[in-house]
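Examination of the molecular architecture
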Amino acid sequence: PDGRSIDVPIDFTLSGRLDPQPPKDASPAAITGAFEFSVSADLIGALVLLPDRALKAAAEAVNRQLDLGGRFTRGIVAGYPTWARANPVASRAASEASPS
C-alpha cells in the first residue's frame, strides 16, 4: 500500500540426472535423463489470505510464463554437443557403456 518493496527469500531447488549417450552414425551425441525443480517462499501481505486453490493456480501460471524447465532443458540440449567434443573421455566412456 505504501509503495515500498519487500525482499522475500526464495528457495529454488533443482535435482535430476543426465546420462550421456554415444553418437550413432552421423547424428550428434545426445543425453537422456530427467529433472525436477521447485520454488518456495513465505507468503507475505494479502497473499496469506488467499485460498490454496487460487495460490496454486497463480503459481502454475507464473511457472508456465517463466518456462524455467523449458529454458533449462533447451540450454542443456544446445550446449551438450560442444561439451561432449571438449570432454572426449566422458563421451568415450558413454560409448563403451552403451550396449551395441
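Owing to the predicted nature of the structure, the values given are computational and were not obtained by experimental measurement. (Residues numbered from 1 in each chain as written. Predicted model: local features only at pLDDT ≥ 70, side-chain atom pairs only at ≥ 80, totals over all residues. Heavy atoms only, no water.)

Helix and strand content of the protein chain: three helices and two strands. Expressed as a percentage of the 100 residues in the protein chain, the buried residues total 8%. For the protein chain, the share of sequence-separated contacts (at least 6 apart) that also reach a separation of at least 24 residues comes to 55%. When the accessible surface of the protein chain is totalled, it reaches about 8200 Å², and 59% of it is carbon and sulfur. (Helix = DSSP H or I, 4+ residues; strand = E, 2+ residues; numbered from the N terminus. Buried < 20%, exposed > 50% of the residue type's maximum accessible area, 1.4 Å probe, protein only. Contact = heavy atoms within 4.5 Å. Areas by Shrake-Rupley, 256 points an atom, 1.4 Å probe, with all protein chains shown as cover.)

All right, on to the confidence of the model for the protein chain then. Interpreting fine coordinate detail is not advised for predicted regions of low pLDDT. On average, the protein chain scores 78 in pLDDT, and the residues at 70 or more come to 81%. No element of the protein chain has a lower mean pLDDT than helix α3 (residues 88-97), at 59, and none a higher one than helix α1 (residues 52-66), at 87. (pLDDT = per-residue confidence, 0-100.)

On the surface, I6, L43, I44, L47, V48, L49 and L50 cluster together into a nonpolar patch covering about 650 Å² of accessible area. Relative to the elements of secondary structure, L47 occurs in the loop between β2 (30-41) and α1. (Patch = residues over 30% accessible without salt bridge, like charges linked within 9 Å, V, L, I, M, F, W, Y side chains within 5 Å. Salt bridge = Lys/Arg side-chain N within 4 Å of Asp/Glu carboxyl O.)

Bringing α1 into the picture now. At 3.6 residues per turn, the α-helix brings residues three or four places apart onto the same side. The end-to-end C-alpha separation of α1 is 21 Å, in line with the 21 Å expected for 15 residues at 1.5 Å each. Count one or two residues on from α1 and you reach D67, which has phi positive near 50°. (Expected span 1.5 Å × (residues − 1).)

Here we take up the pattern of salt bridges. One pass over the structure, following the stated rule, counts one salt bridge. For R17, the salt bridge goes to D19, with nearest N and O atoms at 2.8 Å. Given a relative accessible area of 25%, D19 falls into the partly exposed group.

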